[in-house]
Amino acid sequence: MNARDTALDAGFGERWTRAMTTAFATEADRLGELDRLAGDGDFGRNLTSAFGRVQQEVDAAGPTTYAAWLTCVSRGFLGTGGTSGPLFGMFFRELARCSTGDEPTVAELGRGLSAGLATVQRYGKAQVGHKTMVDALAPAVDALGATDGTLRGAAEAADEGARSTADIIAKRGRASYVGEASRGVLDPGAVAMAMVLALAADSAS
Amino acid sequence: MNARDTALDAGFGERWTRAMTTAFATEADRLGELDRLAGDGDFGRNLTSAFGRVQQEVDAAGPTTYAAWLTCVSRGFLGTGGTSGPLFGMFFRELARCSTGDEPTVAELGRGLSAGLATVQRYGKAQVGHKTMVDALAPAVDALGATDGTLRGAAEAADEGARSTADIIAKRGRASYVGEASRGVLDPGAVAMAMVLALAADSAS
Amino acid sequence: MRRSLVNDPDDLVVEALEGLALAHPTLVRHDAEHGFVARATPARDKVGLVSGGGSGHEPLHAGFVGHGMLDVAVPGAVFASPTALQLYDATRAADAGRGVLHIVKNYTGDVINFTVARELADEDDDIATEVVLVDDDLATDLGEEPDDPDAPGRRGTAAVVAVEKICGAAAEEGADLGSLAELGRSVAARARSMAFAIEAGTHPGSSRPAFDLDADEVELGVGIHGERGRSRVPFGPTDELVARLVDPLVEALRPARGSGVIAIVNGLGSTYPLELYAAARAVHGGMTARGVRVDRFLVGSLVTSLDMHGVSVTLLPVDDELLRLWDAPVRTPALTW
Amino acid sequence: MRRSLVNDPDDLVVEALEGLALAHPTLVRHDAEHGFVARATPARDKVGLVSGGGSGHEPLHAGFVGHGMLDVAVPGAVFASPTALQLYDATRAADAGRGVLHIVKNYTGDVINFTVARELADEDDDIATEVVLVDDDLATDLGEEPDDPDAPGRRGTAAVVAVEKICGAAAEEGADLGSLAELGRSVAARARSMAFAIEAGTHPGSSRPAFDLDADEVELGVGIHGERGRSRVPFGPTDELVARLVDPLVEALRPARGSGVIAIVNGLGSTYPLELYAAARAVHGGMTARGVRVDRFLVGSLVTSLDMHGVSVTLLPVDDELLRLWDAPVRTPALTW
Ligand SMILES: Nc1ncnc2c1ncn2[C@@H]1O[C@H](COP(=O)(O)OP(=O)(O)O)[C@@H](O)[C@H]1O
Ligand SMILES: Nc1ncnc2c1ncn2[C@@H]1O[C@H](COP(=O)(O)OP(=O)(O)O)[C@@H](O)[C@H]1O
Ligand SMILES: [Mg+2]
Ligand SMILES: [Mg+2]
Ligand SMILES: [Mg+2]
Ligand SMILES: [Mg+2]
């Protein structure tokens with residue numbers, strides 16, 4: 001059996017969601033600081049408020065399936081402003097839509113990531129190298145799409161992609177207004193996307 | 001024949017008007033400075049603009065009688081803002097209205113001054129001692145009203161009245177807002193009124 | 001450092017009036033020769049309504065010329081009364097045979113110049129005139145006897161908008177001069193206003209506000225000509241600052257529980273709508289807490305002091321008849337409903 | 001030092017919306033749960049018009065909700081896009097069965113959130129939607145190809161008022177979604193705007209303007225979110241500064257001699273009426289000198305940037321049909337005729 005057909009157990013959606021909630025609560029300030037250095041500084045607050053809403057959605061909806069958990073995450077982001085809100089929101093919406101049963105497979109997750117990337121690009125019109133979350137997401141999609149691709153491998157590719165944003169100038173988002181000043185600063189959205197994937201890998205095992 | 005029945009010759013209105021125009025052109029700055037010290041500083045400019053308008057009225061109306069000349073002066077002031085504009089305007093209007101023929105008499109002028117004072121007080125509600133033009137005008141009216149009162153005597157009384165404004169605090173007009181700060185400063189309206197009377201005396205002879 | 005957009009500061013008022021007439025040609029015309037703004041189409045068979053005063057308070061008064069409000073507005077230079085002759089000419093222009101009502105904010109220069117204009121109109125043209133003196137500013141209420149000749153009395157501020165609107169509606173309905181004057185006086189007598197500022201306005205051509213405030217200070221009881229207020233109070237949240245206006249107004253007017261008022265929440269120049277509507281909410285809260293209804297709100301920068309940053313609140317206790325006149329149609333550059 | 005009147009800066013927008021609804025209860029209501037402002041009485045049997053964007057630009061957009069203009073306005077936090085869910089809920093509220101038109105100023109966040117809302121409305125509720133993107137700011141016109149995916153395109157500014165007014169009138173007449181979208185796009189495509197500022201706005205809670213200018217400097221081509229402009233030019237008389245707006249606009253639009261435009265002369269926040277109407281006069285002069293008629297003027301602080309001190313000019317070449325729609329009745333908190 002190919003790793004990509006691995007069923008992720010029924011608790012995966014909940015574990016992942018809770019792991020993200022915990023991790024971003026801790027990391028919001030650091031990510032906000034990156035946005036302050038080369039953007040408008042609201043990314044940390046956007047994240048905090050998104051996961052506050054995720055919790056409200058969870059409380060209200062009482063999700064039981066993987067898709068239902070991810071729908072809560074999606075709505076949390078869609079109810080948050082900025083550019084990252086709708087992009088992450090529609091990203092997670094695609095993940096939810098690519099799941100057909102209670103227990104998603106890695107392949108489904110892979111298709112979801114791929115659809116999510118397409119959606120993010122459709123809205124944001126960013127290519128790899130534009131210093132956005134796409135720089136983390138696109139390599140992850142590639143890695144998981146490869147034969148024997150694993151979630152862990154995808155997470156590692158995302159991490160590498162996020163690191164690569166330090167050396168480039170932003171071409172999208174608020175950071176694109178500061179030009180050279182964005183060089184040397186990691187893109188917070190890319191870092192966040194890499195965290196999302198790392199936490200998925202953590203939650204799968 | 002009592003001095004008060006003296007006819008002032010037909011040229012009196014013109015001479016007086018021209019004398020005022022010349023004198024205030026020279027003195028406007030000094031009077032404006034007094035208003036700056038204890039008022040809002042626009043008195044000089046108001047005077048200049050009033051006599052500019054007087055000239056326009058003269059050009060337009062081509063006055064020949066004393067009453068017509070003084071009507072031009074009145075309209076010049078009535079077309080000027082501030083508090084002094086309408087007060088001087090109605091003052092000169094009363095002078096014009098108290099003349100019955102081409103050649104006014106000193107008695108008519110006296111009645112005019114007296115009606116003018118009443119008008120100024122009706123509008124401005126100022127009493128002697130309130131540090132306004134009334135402090136110059138009232139003693140002049142009294143002086144001219146006395147048996148054997150002369151224009152020169154009235155002018156001297158007005159001058160004395162104007163000087164007395166240095167020692168008092170304003171109770172009317174913008175200067176009343178500055179309280180103690182107005183002490184020591186001559187009231188520009190009173191000085192101007194004293195000049196008006198001095199120039200009348202000059203023009204009569 | 002503050003700056004104003006001007007060509008020559010001396011030309012600002014006239015240029016703005018020209019602009020007003022160009023922008024609203026169907027509503028108003030600018031009579032440059034006589035220095036007033038009149039309705040584009042003069043009204044017929046009604047009492048003429050004239051108001052005016054120093055400029056720098058726009059949209060007051062020229063912005064209120066039109067159907068249901070003023071017939072003629074007479075602007076002076078910035079913060080300076082229009083002249084008696086301007087007002088006289090305006091009075092003649094406003095007369096349609098049924099007399100002219102002067103609506104005058106209580107300031108010495110305005111009062112004198114309007115009075116002279118009325119006397120000239122009466123003597124020279126036999127035009128019947130009446131005057132409504134608006135003296136709503138509670139900050140200048142020193143509790144003098146109304147007839148004290150030594151007392152300048154309360155200043156006239158934003159309540160003038162209510163007087164113009166309500167008398168304007170009644171005039172449009174055909175009310176005669178005497179009853180209009182009575183109506184206007186009763187509105188003026190009922191209304192009180194109070195203002196605070198967190199920054200003074202800056203005279204066109206000048207580079208400094210009329211007075212300076214520290215970061216923790218607010219000027220309370222401020223006027224609209226750059227004069228200082230009655231006291232300085234600590235800077236604080238909107239709700240607290242608005243309460244400093246509403247509390248004394250309620251104290252003075254003592255509206256009964258269950259009664260209603262018109263509230264004018266007025267920006268003094270550079271107060272922006274978010275601030276102003278949040279202030280309106282605070283006024284509403286203050287009145288509701290006292291069991292008083294705000295039957296109508298007028299929220300906007302209507303009686304300004306150049307670009308002063310602050311708020312005035314006017315409360316006018318009303319009955320059904322005043323509300324009916326308030327609600328009557330109005331069509332002017334600055335107020336239309 | 002600048003200050004704003006606020007309670008908690010985070011509450012300012014919501015408090016102001018509450019105040020707006022209290023002040024205009026017959027016109028608008030504030031849906032606090034979903035975060036939008038809607039007509040007090042929903043319209044029936046017409047295409048719903050929704051606009052929105054960051055706050056701080058009042059009276060835009062909530063002040064334009066009412067008969068003849070918007071059905072729902074969706075405010076974000078100050079200078080921040082409303083969320084996709086807000087816009088989705090607003091879209092559902094605006095739908096009266098004939099679909100919903102989104103009028104969107106061109107800013108990345110707004111564009112994305114509105115797009116998401118439309119997809120949600122389409123997928124989840126089967127509501128037909130269309131969008132008009134308003135991108136009138138000439139200062140951000142870098143001459144890119146309109147389809148260049150790498151180009152953010154021109155910013156959306158005061159022309160949005162014209163789009164809302166004109167589409168609002170057509171919607172009221174019963175136009176269908178497709179033709180409304182076409183109409184709106186044609187208005188947006190024709191209109192261009194340009195702004196300058198002599199002082200930046202100050203964020204609520206902050207004590208400094210978004211950027212500093214020296215006494216002899218003017219920020220030309222300025223945006224409405226505190227971003228810097230395209231260049232700095234010397235301070236000078238109004239006529240000269242206004243020419244710096246009108247000249248490039250005319251250059252870009254090339255209106256024919258004998259043709260007509262609608263001119264929106266817009267204050268950016270603390271520009272006071274004397275300044276603004278003098279600027280309108282200058283715009284009129286500039287157009288007249290080129291043989292172009294200003295068929296209609298809209299002068300006021302309508303699309304602001306908090307208390308920014310400056311002016312934007314929008315020119316929209318018009319034909320009789322656009323004038324007819326422009327003149328159609330409108331009844332909103334901020335615009336009524
Ligand atoms: N056009 C885009 N496409 C993809 N991601 C983008 C785009 N623009 C911005 N982002 C991502 O969004 C992040 C910033 O999010 P946030 O601070 O919430 O948005 P805003 O720029 O509106 O303040 C950036 O770090 C970047 O990764
Ligand atoms: N109530 C008053 N009655 C008589 N004279 C007055 C009154 N108020 C002011 N004045 C006179 O007017 C002069 C000031 O005139 P002006 O500067 O033109 O008026 P404003 O005070 O409106 O600036 C004062 O010096 C004073 O003599
Ligand atoms: Mg950001
Ligand atoms: Mg942001
Ligand atoms: Mg003076
Ligand atoms: Mg003066």
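Residues numbered from 1 in each chain as written. Chains lettered and ligands numbered in written order. Predicted model: local features only at pLDDT ≥ 70, side-chain atom pairs only at ≥ 80, totals over all residues. Heavy atoms only, no water.

1. Side note on the overall build of chain A
No. 1: Scanning chain A from N- to C-terminus turns up 8 helices and 0 strands.
No. 2: Along chain A, helices and strands appear, N-terminal first, in the series α-α-α-α-α-α-α-α.
No. 3: In terms of overall dimensions, chain A is globule-like: its C-alpha atoms have a radius of gyration of 16 Å, near the 17 Å expected for 205 residues.
No. 4: Relative to its full complement of 205 residues, chain A shows a buried share of 55%.
No. 5: Here the contacts in chain A between residues at least 6 apart in sequence split such that 67% fall between residues at least 24 apart.
No. 6: Taken as a whole, chain A presents about 8300 Å² of accessible surface, with 51% of it coming from carbon and sulfur.
No. 7: Within chain A, one finds 20 positive and 25 negative side-chain charges whose respective centroids are separated by 7 Å. (Helix = DSSP H or I, 4+ residues; strand = E, 2+ residues; numbered from the N terminus. Rg over C-alpha atoms; globule rule 2.2 N^0.38 Å. Buried < 20%, exposed > 50% of the residue type's maximum accessible area, 1.4 Å probe, protein only. Contact = heavy atoms within 4.5 Å. Areas by Shrake-Rupley, 256 points an atom, 1.4 Å probe, with all protein chains shown as cover. Lys, Arg positive; Asp, Glu negative; His and termini not counted. Charge placed at Lys NZ, Arg CZ, Asp CG, Glu CD.)

2. Some words on the relation of the copies chain D and chain C
No. 1: Its rotation angle being 180°, the transformation that places chain D on chain C also includes 0.0 Å of axial translation and leaves an RMSD of 0.0 Å. The relationship between the two copies is best expressed as a two-fold rotation axis. Judged by C-alpha distance, serine 270 of chain D is the residue of chain D that lies nearest the rotation axis, at 2.1 Å. (Least-squares fit on C-alpha atoms with pLDDT ≥ 70 in both.)

3. Thoughts on the pairing of strand 7 (residues 192-199) of chain D
Residue and element names in this part refer to chain D.
No. 1: Summarising burial for strand 7: 8 of the 8 residues are buried, a large majority.
No. 2: Note that strand 7 and strand 12 (residues 309-318) share 7 bridges and pair antiparallel. Counted as the bridge partner of phenylalanine 196 is valine 311 from strand 12.
No. 3: The pairing of strand 7 with strand 8 (residues 217-220) spans 2 bridges and is classified as antiparallel. Residue pairing for strand 8: alanine 197 is matched across the bridge by glutamate 219. (Pairing = 2+ DSSP bridges.)

4. Observations concerning the site of ligand 1
Residue and element names in this part refer to chain A.
No. 1: Neighbouring residues of ligand 1: 20 residues in total, closest Asp40, Asn46, Thr83, Ser84 and Asp187.
No. 2: Between ligand 1 and aspartate 187, the relevant distance is 2.6 Å, taken from an oxygen atom to a side-chain nitrogen or oxygen of the residue.
No. 3: Protein contact buries 96% of the 570 Å² of open area that ligand 1 shows by itself.
No. 4: Of all elements in the fold, only helix 2 (43-61), helix 4 (84-97) and helix 8 (188-204) reach the threshold of two or more residues within the shell around ligand 1.
No. 5: The greatest single-element share of the shell around ligand 1, amounting to 3 residues, is contributed by helix 8. (Near = heavy atom within 4 Å. Polar contact = N/O pair within 3.5 Å; in protein donor to acceptor, adjacent residues only side chain to side chain.)

5. Considerations on the coordination of the magnesium ion (ligand 4)
Residues and elements named next belong to chain A.
No. 1: Protein coordination at the magnesium ion (ligand 4): the donors are Asp40 (OD) and Asp42 (OD), at 2.0 to 2.2 Å from the metal.
No. 2: Between the two metals, the magnesium ion (ligand 4) and the magnesium ion (ligand 3), the spacing is 3.7 Å, and aspartate 40 donates to both.
No. 3: Aspartate 40 gets classed as partly exposed once you look at its relative accessible area, which sits at 36%. (Donors = N, O, S within 2.8 Å, 3.2 Å for Na, K, Ca; no water.)

6. Let's talk about the interface of chain D and chain C
No. 1: Each partner contributes to the interface: chain D provides 56 residues, whereas chain C provides 56 residues.
No. 2: Of all residues in chain D, the largest losses of buried area upon contact with chain C belong to Arg3, Leu5 and Leu274 of chain D, amounting jointly to 20% of the total for that side.
No. 3: Where chain D packs against chain C, one counts 6 salt bridges.
No. 4: Among the salt bridges present, the one from glutamate 199 of chain D reaches arginine 2 of chain C, with a minimum N-O distance of 3.4 Å.
No. 5: Linking chain D with chain C are 26 residue pairs in polar contact (both at pLDDT 80 or more), by the criterion used here.
No. 6: Of all the elements in the fold, those that place two or more residues in the side of chain D that touches chain C are helix 1 (12-23), strand 7, helix 6 (238-253), helix 7 (273-289), strand 11 (293-300) and strand 12 of chain D.
No. 7: Ranked by residue count, the leading element in the side of chain D that touches chain C is helix 1 of chain D, at 9 residues.
No. 8: Its residues placed into classes, the side of chain D that touches chain C shows 29 nonpolar, 13 polar and 14 charged. (Buried area = accessible area lost by both parts, 1.4 Å probe. Salt bridge = Lys/Arg side-chain N within 4 Å of Asp/Glu carboxyl O. Nonpolar A, V, L, I, M, F, W, Y, C, P; charged D, E, K, R; others polar.)

7. As for the interface of chain A and chain D
No. 1: Every contact between the two is made by 20 residues of chain A and, on the other side, 18 residues of chain D.
No. 2: Regarding the contact of chain A and chain D, the summed buried area is about 1500 Å², with carbon and sulfur atoms giving 53% of it.
No. 3: Together, Leu78, Arg93 and Tyr123 of chain A form the three largest contributors to the area buried by chain A at its contact with chain D, with a combined 30%.
No. 4: Taken together, the links from chain A to chain D amount to 5 salt bridges.
No. 5: Among the salt bridges present, the one from aspartate 10 of chain D reaches arginine 45 of chain A, with a minimum N-O distance of 3.2 Å.
No. 6: Seen at the junction of chain A and chain D, the total is 8 residue pairs in polar contact (both at pLDDT 80 or more).
No. 7: Of all elements in the fold, only helix 3 (66-78), helix 4 and helix 5 (106-124) of chain A reach the threshold of two or more residues within the side of chain A that touches chain D.
No. 8: With 5 residues, the top contributor of residues to the side of chain A that touches chain D is helix 4 of chain A.

8. Looking at unusual backbone geometry
No. 1: Here glutamate 58 of chain D and proline 59 of chain D are connected by a cis peptide whose omega angle stands at 10°.
No. 2: Here the residue pair leucine 60 of chain D and histidine 61 of chain D is connected by a cis peptide bond, since its omega of -15° sits within 30 degrees of zero.
No. 3: Looking at where histidine 61 of chain D falls in the secondary structure, it is placed in the loop between strand 3 (48-55) and strand 4 (72-78).
No. 4: Residue aspartate 126 of chain C is not a glycine yet carries a positive backbone phi of 60°.

9. Points about the sheet that holds strand 6 (residues 129-134) of chain C
Residues and elements named next belong to chain C.
No. 1: With respect to topology, 6 strands assemble into an open sheet ordered 1-2-4-3-5-6, the strand pairing being mixed. Only two strands of the sheet have a single neighbouring strand rather than two, namely strand 1 (28-31) and strand 6. Between one strand and the next, the sheet's axes are offset by a mean angle of 20°, whatever the strand orientation.
No. 2: Here helix 2 (residues 84-94) sits on the sheet in contact with strand 2 (36-39), strand 3 (48-55), strand 4 (72-78), strand 5 (100-105) and strand 6, set at roughly 165° to strand 4. (Axes fitted to C-alpha atoms, helices over the stretch in contact; angles between N-to-C directions.)

10. Thoughts on the coordination of the magnesium ion (ligand 6)
All names here are of chain B.
No. 1: Around the magnesium ion (ligand 6), the donor atoms from the protein are Asp40 (OD) and Asp42 (OD), and they sit 2.1 to 2.2 Å away.
No. 2: A gap of 3.6 Å separates the magnesium ion (ligand 6) and the magnesium ion (ligand 5), which aspartate 40 links by coordinating each metal.
No. 3: Judged by its relative accessible area of 25%, aspartate 42 falls in the partly exposed class.

11. Here we look at the arrangement of the chains
No. 1: Among 3 pairs of chains with at least one contact, chains C and D form the most extensive contact set.
No. 2: No part of chain A reaches chain B; the closest C-alpha pair between them is 48 Å apart.
No. 3: Regarding chain B and chain D, the two do not touch, and the least distance separating their C-alpha atoms is 20 Å.

12. Some points on helix 5 (residues 177-190) of chain D
All names here are of chain D.
No. 1: Under the 1.5 Å per step criterion, the end-to-end length of helix 5 is 20 Å for 14 residues, consistent within 8% with the ideal 20 Å.
No. 2: Those residues of helix 5 not exposed but buried are Leu177, Leu180, Ala181, Leu183, Gly184, Val187 and Ala188. Seen from one end, helix 5 has its buried residues packed into an arc of 165°, which puts them on one side. (Expected span 1.5 Å × (residues − 1). Arc of directions from axis to C-beta.)

13. Observations regarding the confidence of the model for chain C
No. 1: For chain C, mean pLDDT is 96; residues scoring 70 or higher make up 98% of the total.
No. 2: Note on the complex model: pTM 0.94, ipTM 0.92. (pLDDT = per-residue confidence, 0-100.)

14. Structural notes on the sheet that holds strand 4 of chain D
Residues and elements named next belong to chain D.
No. 1: What the 6 strands build is an open sheet, ordered 1-2-4-3-5-6; its pairing is mixed. Both edges of this open sheet fall to strand 1 (28-31) and strand 6 (129-134), since each of them pairs with a single strand only. Direction aside, the axes of adjacent strands within the sheet are offset by 20° on average.
No. 2: Two elements, strand 1 and strand 2 (residues 36-39), share 4 bridges in a ladder whose sense is antiparallel. Paired with arginine 29 across the strands is alanine 38, a residue of strand 2.
No. 3: Here helix 3 (residues 108-125) sits on the sheet and contacts strand 3, strand 5 (100-105) and strand 6; the angle it forms with strand 5, its principal contact strand, is near 165°.

15. What about the site of ligand 2?
Residue and element names in this part refer to chain B.
No. 1: Lining the immediate surroundings of ligand 2 are 20 residues, of which Asp40, Asn46, Thr83, Ser84 and Asp187 lie closest.
No. 2: Methionine 133 has a polar backbone atom sitting 3.0 Å from an oxygen atom of ligand 2.
No. 3: Breaking the shell around ligand 2 down by element, the ones donating at least two residues are helix 2 (43-61), helix 4 (84-97) and helix 8 (188-204).
No. 4: Among the elements that take part in the shell around ligand 2, helix 8 stands out by supplying 3 residues, more than any other.

16. Digging into the side chain of threonine 304 of chain C
Residues and elements named next belong to chain C.
No. 1: Of note, threonine 304 is situated in the loop between strand 11 (293-300) and strand 12 (309-318).
No. 2: Residue class for threonine 304 comes out buried when judged on its relative accessible area of 3%.
No. 3: Side-chain polar atoms of threonine 304 contact the backbone oxygen of glycine 56, separated by 3.5 Å.
No. 4: A polar contact is formed between the side chain of threonine 304 and the backbone oxygen of glutamate 58, at a distance of 2.7 Å.

17. Some points on the packing of aromatic side chains
Centre distance and the angle of the planes are the two values used to describe a pair of aromatic rings.
All names here are of chain A.
No. 1: Scanning the model with the defined rule gives 20 aromatic pairs over all chains in all.
No. 2: Aromatic pair phenylalanine 12 and tyrosine 66: ring centres 5.8 Å apart, planes at 25°, arrangement stacked. With a gap of 54 residues between them, phenylalanine 12 in helix 1 (residues 12-38) and tyrosine 66 in helix 3 connect regions that are remote in the sequence. Neither phenylalanine 12 nor tyrosine 66 differs from the other in exposure class; each is buried. (Phe/Tyr/Trp six-rings, centres within 6.5 Å; stacked < 30°, edge-to-face > 60°.)

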